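Descriptive structure summary
Letter by letter, the chains look like this.
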Amino acid sequence: MVGSERVVVVTGASRGAGKGIALALGETGATVYVTGRTRNEGDAPLPGTVFATAEEIGRRGGRGVPVVLDHRDDAQVEAFFERLRDEHGRLDILVNNALTVPDGLTEKGPFWEKPLSLLDLLDVGMRSTYVTSYFAAPLLVAGGGGLVVNTSSFGGTCYMHGPAYGAGKAAVDKMAHDMAVDFRPWNVAVVSIWMGLLATERTLAGFAADPGAYDGLAATAESPEFTGRIIAALARDPELMTRTGRVLVGAEIAQELGVVDTKGQQPPSHRPMLGNPPVFSEAVID
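Report follows, based on the coordinates.

Cut-offs applied
The numbering scheme is per chain: residues are counted from 1 as the chain's sequence reads. Local features in this predicted model are restricted to residues whose pLDDT is 70 or higher, and side-chain atom pairs enter the listing and the counts only when it is 80 or higher, whereas totals over whole chains, interfaces and linings include all residues. Excluding hydrogens and water, the side-chain values take into account all heavy atoms of the structure. Only protein chains enter the accessibility calculation, which uses a 1.4 Å probe. A residue is then buried if its area is under 20% of the maximum for its type, exposed if over 50%, and partly exposed in between. Strands here mean DSSP runs of E at least two residues long; helices mean DSSP runs of H or I at least four residues long; both are numbered from the N terminus. What makes two strands pair is DSSP finding at least two bridges between them. Here a crossover is taken to be right-handed if, once the strands point away from the viewer, the path from the first strand over the helix to the second is traced clockwise. Note on geometry: axes are C-alpha line fits, over the in-contact stretch for helices, and angles between N-to-C directions span 0 to 180 degrees. Here, residues are in contact when the closest pair of their heavy atoms is within 4.5 Å.

Here's the deal with the pairing of strand S4 (residues 93-96)
Covered by surrounding structure in S4 are Ile93 and Val95 together with Leu94 and Asn96, the residues of both alternating faces. With 3 bridges connecting them, strand S1 (residues 7-10) and S4 associate as parallel partners. By the bridge assignment for S4, valine 10 is matched with valine 95. Note that the unit made of S4, helix H4 (residues 123-142) and strand S5 (residues 146-153) has a crossover that is right-handed.

As for the sheet that holds S4
Strand order in the open sheet formed by 7 strands is S3-S2-S1-S4-S5-S6-S7, and the pairing between neighbours is parallel. With partners counted over all chains shown, the strands left at the sheet margins are strand S3 (63-68) and strand S7 (247-249), one partner each. Across the sheet, the axes of successive neighbouring strands diverge by a mean angle of 20°, strand direction being ignored. Here strand S2 (residues 31-36) pairs with S3 via 6 bridges, running parallel. In the strand pairing of S3, valine 34 is matched with proline 66. With respect to the sheet, helix H3 (residues 74-87) is in contact with S1, S2 and S3, its orientation differing from that of S2 by roughly 165°. Sheet strands in contact with helix H8 (residues 250-257) are strand S6 (188-195) and S7, and its direction is about 75° off that of S7.

Written as structure tokens, this is what we have:
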């Protein structure tokens, strides 16, 4: 797939990792549909809208298409992919990034002392990844090959922010493995990418409020665009199908593929500190 011919969907792209991924893929000349709930500045506590992301994609040489979409609503998701079918008839890259970040997620203490609303991230996060992939699948198959990426983190195997967050990340990792089995006959690869600490709007605000909270990690934080650069390289990789079904550490696959971050740096892998990705059984039971 030549960059300018690619049709891409990045969910949860008003800000944060989704915005960075969309911008990096837009720089390849792709048409990038950016989904999110934020229509106007001020609608959310943090800056960013789907329209601002789409406009920046245009300035970088791609075509950004803003889509105001609530991933809690299955009917909205289905309608969007019907629109995509009418406009393009296929999809080349799907990035499942949408995630609700509830208040209280990073509070200290046991899970029963945190808000029950932390379960919202299992709705927009775990469940939305399944639903979005479900409605995207016919378009990915129609293209004769493609790539699905679930954005994830080391929280899939280590304790990170408690059991709700961990369950959500472990789930999208396993979905990548199982969806890869179903997609393989159509040459569609599915991977989960573990991102490191990202210098997003939310994280930078956290740095400012509590400079010691990320002691030792702030200097090596990945830009939000780093994962998008990795995804672009994976989509070009002739060995892509050998990676399908796996959980990849973003910093490690970047080094393998010669991808650097926006300032030319090579972010480190946090595997030595946070642990290894899971290895799933090769057994297939229909």
